[in-house]
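Spelled out, the chains give:
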Amino acid sequence: SSRTDGVLPVTLNTEPLAALAGRVPGDHRRGKSWREAGRVTVDASTGPGARVPAAVASPQRWFAIEPGGASVYRTDNAGRGFVQERASGLPQGVVDLRAASDSVAWARTWTGACRQGKTDCSLTTGVFLSRDGGRSWQPVIMSSTKSYVW
């Protein structure tokens, strides 16, 4: 049994904002039904199929990050309330989030840019580490790829 058993982060795409809901089993039949345990509206515009990067550190502590990387949302009470804080040091383009503990989390970023139309393009990926529950982030791995035609 994992320390995160029973919590499933779900992105709800509601125009113009997105929400993250934590779902927990509604009965004890191994997840055959689920109920919403908490919800937070995230300051991000997402479309169908897009997701808000989220991670479950424990049944009590969940994290979510705006895809733009500006804020981290955290609950310490299983979704009954969320705190929004500035995510210092985290760039735009967050595509994945993992929690190792209540205080340690990893974020993966991916951003692309072209200087002229679809030429002289670059793709930058990175892995960032937080040791304080998502308040501050430090780069661990940065990689850049250059392409002349996108």
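As the structure is a computational prediction, the values presented were derived from the model and not from experiment.

Student: I keep staring at the overall build of the protein chain and nothing clicks. Help me out?
Tutor: Secondary structure assignment for the protein chain yields 0 helices and 11 strands. When the elements of the protein chain are put in sequence order from the N terminus, they spell out β-β-β-β-β-β-β-β-β-β-β. Going through the 150 residues of the protein chain one by one, you find that 36% of them count as buried. Summed over its atoms, the accessible surface of the protein chain is roughly 8,500 Å², and 51% of this surface lies on carbon and sulfur atoms.

Student: What exactly am I supposed to notice about the nonpolar core here?
Tutor: One broad trend across soluble globular proteins is that nonpolar side chains are buried collectively. Within the largest apolar cluster, 14 residues are counted, with the highest numbers of intra-cluster contacts made by Phe 63, Ile 65, Leu 90, Leu 97, Ala 107 and Trp 137. Broken down by secondary-structure element, the contributors of at least two residues to this core are β5 (62-65), β8 (94-99) and β9 (105-116). Sort the elements by how many residues they give to this core and β8 lands first, with 3 residues. Ignoring anything within four residues of it in the chain, the contact list for Leu 97 reads Pro 53, Ala 54, Ala 55, Phe 63, Ala 64, Ile 65, Ala 105, Trp 106, Ala 107 and Trp 137.

Student: Please explain the side chain of Arg 61 as it appears in this structure.
Tutor: Relative to the assigned elements, Arg 61 resides in the loop between β4 (54-56) and β5. Judged by relative accessible area, which is 15%, Arg 61 ranks as buried. Within the structure, the side chain of Arg 61 is placed 2.5 Å from the side chain of Asp 76, a separation counted as a polar contact. Residue contacts for Arg 61: discarding those within four places in its chain leaves Val 56, Arg 74, Thr 75, Asp 76, Asp 102, Ser 103 and Gly 133.

Student: So what exactly am I meant to see when it comes to the confidence of the model for the protein chain here?
Tutor: One rule of thumb: low pLDDT means the predicted coordinates there are not for detailed reading. Across the protein chain, the average pLDDT comes to 79, with 75% of residues at 70 or higher. Element-level mean pLDDT values for the protein chain span from 62 in strand β2 (residues 17-25) up to 91 in β8.

Student: Sorry if this is basic, but what is going on with the state of the cysteines here?
Tutor: A covalent bond between the sulfur atoms of two cysteines is referred to as a disulfide. Tallied over the entire structure, the rule returns 1 disulfide. Shown here is the disulfide that connects Cys 114 with Cys 121, its sulfur atoms set 2.1 Å apart. Taking the sign of the S-S torsion, about 105° here, the bridge from Cys 114 to Cys 121 comes out right-handed.

Conventions used here
Residues numbered from 1 in each chain as written. Predicted model: local features only at pLDDT ≥ 70, side-chain atom pairs only at ≥ 80, totals over all residues. Heavy atoms only, no water. Helix = DSSP H or I, 4+ residues; strand = E, 2+ residues; numbered from the N terminus. Buried < 20%, exposed > 50% of the residue type's maximum accessible area, 1.4 Å probe, protein only. Areas by Shrake-Rupley, 256 points an atom, 1.4 Å probe, with all protein chains shown as cover. Core = buried A, V, L, I, M, F, W, Y, C linked by side-chain atoms within 4.5 Å. Contact = heavy atoms within 4.5 Å. Polar contact = N/O pair within 3.5 Å; in protein donor to acceptor, adjacent residues only side chain to side chain. pLDDT = per-residue confidence, 0-100. Disulfide = S-S within 2.5 Å.

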